[in-house]
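Remarks on the overall topology
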Amino acid sequence: MADELVDDAAERSRRLGALAVGLLVLVLGGGAALRSTLPPPPLAVDLADLSGSTLAGDSFVRVNLSLRASGARDVGDARLTMAGATSRGQHPSRFDGDGRMTVQVDLTPACARLADGIGPGRLDLSLHDAQGRARQVRVAVPAEGSLDRLLRYRCR
């Protein structure tokens, strides 16, 4: 009896390639399905840094609020309320890749109210979370240190 040798290497390579592609699609599909069942990251926005400046002759104090966020996508509106005044801030539309953003606000304090003390302020943000839902977030803004001195300087 004689054995016949058949050269089917090309056919085996095609079947092995098809199997590999099928397994890859299965793994990627399963990963996507699993990811969709995970809860979204919680929405959190914190004040990372606070600085300010003012120039002689200006009626406002420029306040820079550095924010750190998770679970947030973009910001539509930012308003700082402090020292008896509310002012809208300028900022990029989206948080950067590290979840950071700086909001710049030109705040003109209500000097008559500073006699009772400045007290903490607040930054109200209208934003979209990671799922695209509109949310309102309030961030506490302390008025101690250099910001307190700048606001009092402005009202001399």
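This text goes with the structure placed above it.
For every chain, the first residue of the written sequence is number 1, and numbering continues from 1 onward in sequence order. Two thresholds apply to this predicted model, a pLDDT of at least 70 for residue-level local features and 80 or more for giving and counting side-chain atom pairs, whereas whole-chain, interface and lining totals are computed over all residues. Computation of side-chain values covers all heavy atoms of the structure but excludes hydrogens and water.

**Focus: the sheet that holds strand E6 (residues 121-129)**
Heads up, the condition is: We treat two strands as partners when DSSP finds at least two bridges between them. Starting at the N terminus, helices and strands are each numbered in turn, a helix being any DSSP run of H or I of at least four residues and a strand any DSSP run of E of at least two. For helices, the fitted axis covers only the stretch in contact; all axes are lines through C-alpha atoms, and the angles between them, taken along N-to-C directions, range from 0 to 180 degrees. Here a residue-residue contact requires only that any non-hydrogen atoms of the pair lie within 4.5 Å.
An order of E1-E2-E5-E4-E3-E6-E7 is seen for the seven strands of this open sheet, with the pairing classed as antiparallel. Only two strands of the sheet have a single neighbouring strand rather than two, namely strand E1 (44-53) and strand E7 (134-141). Strand-to-strand twist across the sheet, computed as the mean angle between neighbouring axes with direction ignored, equals 25°. The pairing of strand E4 (residues 85-90) with strand E5 (residues 100-107) spans two bridges and is antiparallel. Bridging from a neighbouring strand, Gln90 pairs with Gln104 of E5. On top of the sheet, helix H2 (residues 146-154) reaches E1, strand E2 (61-70), strand E3 (72-82) and E5; it is set at about 150° to E2, its chief contact.

**Here we look at the pattern of salt bridges**
Counted only if it meets this: A pair is scored as a salt bridge if a Lys or Arg side-chain nitrogen falls within 4 Å of a carboxyl oxygen belonging to Asp or Glu. Buried residues are those whose accessible area, probed at 1.4 Å on protein chains only, stays under 20% of the maximum for their type, while exposed residues exceed 50% and partly exposed ones sit between those limits.
Tallying each qualifying case throughout the model produces 11 salt bridges. The shortest N-O distance in the salt bridge between Arg73 and Asp74 comes to 3.6 Å. Classification of Arg73 by relative accessible area gives partly exposed; the value is 31%.

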